[in-house]
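Topology and contacts: notes
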Amino acid sequence: MSRFLHSKYNSLTPYDTSGEVESLTGYIRLNTNESPYPPSPKAIEYAHEASRNMNYYSDPDCRELAVKLSSLMNVKPNEIVFGNGSDEILSFIFMAFCENGAAFPDITYSFYKILAGLHGVNYVTVPLRDFRVEPEDYADMNHRTIFIANPNAPTGIALSLNEIERIINLNPESLIVIDEAYVDFGAESSVRFIGDYDNVIITRTFSKSRSLAGGRLGWCMTNESLARDIRDIKNTIAPYNINAMTQAAGTGSIEDEEYTQRNIAEICRERELIKNALTEMGFEVLDSRTNFLFARHKNISGIRIFEWLKKRHIMIRHFSNQKINDWNRITIGTHEQMQAMLNALKEEIF
Ligand code: PMP
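Just so we're clear, the structure is a prediction, and the values are computed from it rather than from any experiment. (Residues numbered from 1 in each chain as written. Predicted model: local features only at pLDDT ≥ 70, side-chain atom pairs only at ≥ 80, totals over all residues. Heavy atoms only, no water.)

**Considering the overall build of the protein chain**
In terms of regular secondary structure, the protein chain is built from 12 helices and 13 strands. Computed over C-alpha atoms, the radius of gyration of the protein chain comes to 20 Å, within 12% of the 20 Å expected from 2.2 N^0.38 for 350 residues, which places it in the range of a compact globule. The 350 residues of the protein chain split such that 53% are buried. In the protein chain, once contacts between residues fewer than 6 apart in sequence are set aside, the share between residues at least 24 apart is 72%. Summed over its atoms, the accessible surface of the protein chain is roughly 16,300 Å², and 48% of this surface lies on carbon and sulfur atoms. Distance from the positive charge centre (36 side chains) to the negative charge centre (46 side chains) of the protein chain: 4 Å. (Helix = DSSP H or I, 4+ residues; strand = E, 2+ residues; numbered from the N terminus. Rg over C-alpha atoms; globule rule 2.2 N^0.38 Å. Buried < 20%, exposed > 50% of the residue type's maximum accessible area, 1.4 Å probe, protein only. Contact = heavy atoms within 4.5 Å. Areas by Shrake-Rupley, 256 points an atom, 1.4 Å probe, with all protein chains shown as cover. Lys, Arg positive; Asp, Glu negative; His and termini not counted. Charge placed at Lys NZ, Arg CZ, Asp CG, Glu CD.)

Printed below as a string of structure tokens:
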């Protein structure tokens, strides 16, 4: 820390990307929940085309993208705000709406805690029960903004819409943020609730099912009034937050919905195959509605499995958090990548 850093940042805990950078080359990457498939050819073509106009600023309102996405999502264009990844949207939300604090499960997306730290937001964590979010545990949130990843990460478990609605009904004075980064892989979207309730924000991303993690494109859907607040924050910090190539890639991706749906089906099929194979090898594997599995072996530690695969140039995600350090999170890659992982595990386990 330099002597010039503002004292309010003295205790920042930035997201630890060290393991991720290490795996950029020469590794099978099953540690960051990306898609193993390239972006749609249409996304690549449109991005390439857009690069010719890089001398101009990008559209701050992503209008073409908003119109296309709004008809796919069945919302109005001005109920959408785009972010440089949904991480940026989450950051805007922490900045804009967490004056009364935040609440989220004790085991969930680690970025919520990091963003609370950055924006000086007090937070409470609500323990999962048997790895599940229990809606009744959110009965007394006292105007705090509630963050629920549905499906949750790293567990992969999804709540039903009834359970989500219960959390909303228990908290009419709180804002409820449903982070649907993984919803395309088998959970139900809560998007319909933005018309029924005035306190719901849905965040989504192009990083997982749409193969655009490196393009950095996320969005939120909410009522016009909350969307305006988020847009105001966005336009104060980074009006041109989505570059022109990424906007074009997003448009191409939406125009090629069939490609996305095919990839999702393939990933879900592979996920169930791997779940069964791991179970046969003595793993306990949670029921996943995402593009990853959360698994622990009945008599081999999580760190040993992680190290074993790493030595074989396969990266999975291990967590130092005491509560889950027997577990690993394994992204679903291509069939070949997953076979390589199973073969490596077989050498260790049998
Ligand atoms: N929410 C959850 C639950 C995630 O796991 C991730 C990805 N790590 C994100 C949001 C952010 O994704 P992105 O910024 O790439 O949209």
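**Concerning the site of the ligand**
By nearness alone, every residue bordering the ligand is listed as Gly85, Ser86, Asp87, Tyr109, Asp179, Ala181, Tyr182, Thr205, Ser207, Lys208 and Arg216. For the ligand, an oxygen atom lies 3.0 Å from a polar atom in the backbone of Asp87. Within the contact set of the ligand, a nitrogen atom lies 3.4 Å away from a side-chain nitrogen or oxygen of Tyr109. For the ligand, the accessible surface in isolation is 400 Å², of which the surrounding protein chains cover 91%. Each residue belonging to the shell around the ligand can be placed in one class, and the counts come to three nonpolar, four polar and four charged. (Near = heavy atom within 4 Å. Polar contact = N/O pair within 3.5 Å; in protein donor to acceptor, adjacent residues only side chain to side chain. Nonpolar A, V, L, I, M, F, W, Y, C, P; charged D, E, K, R; others polar.)

**Side note on the sheet that holds strand β2 (residues 80-83)**
Read across the sheet, seven strands follow the order β2-β8-β7-β6-β5-β3-β4 without closing on themselves; strand pairing throughout is mixed. Only two strands of the sheet have a single neighbouring strand rather than two, namely β2 and β4 (123-126). Ignoring which end each strand starts from, the neighbouring axes of this sheet average 20 degrees apart. As defined by bridge partners, strand β3 (residues 102-105) adjoins strand β5 (residues 145-149) across two bridges and the pair is classed as parallel. Paired with Ala102 across the two strands is Thr145, which belongs to β5. (Pairing = 2+ DSSP bridges. Axes fitted to C-alpha atoms, helices over the stretch in contact; angles between N-to-C directions.)

**Some thoughts on the pairing of strand β10 (residues 292-297)**
One face of the sheet, then the other: side chains in a regular strand alternate in exactly this way. With five of six residues buried, β10 lies mostly within the body of the structure. Relative to β10, strand β9 (residues 283-285) is paired through three bridges, and the arrangement is antiparallel. The residue bridging Phe283 from the neighbouring strand is His297, located in β10. A loop of six residues connects β9 with β10, the two strands running antiparallel in sequence.

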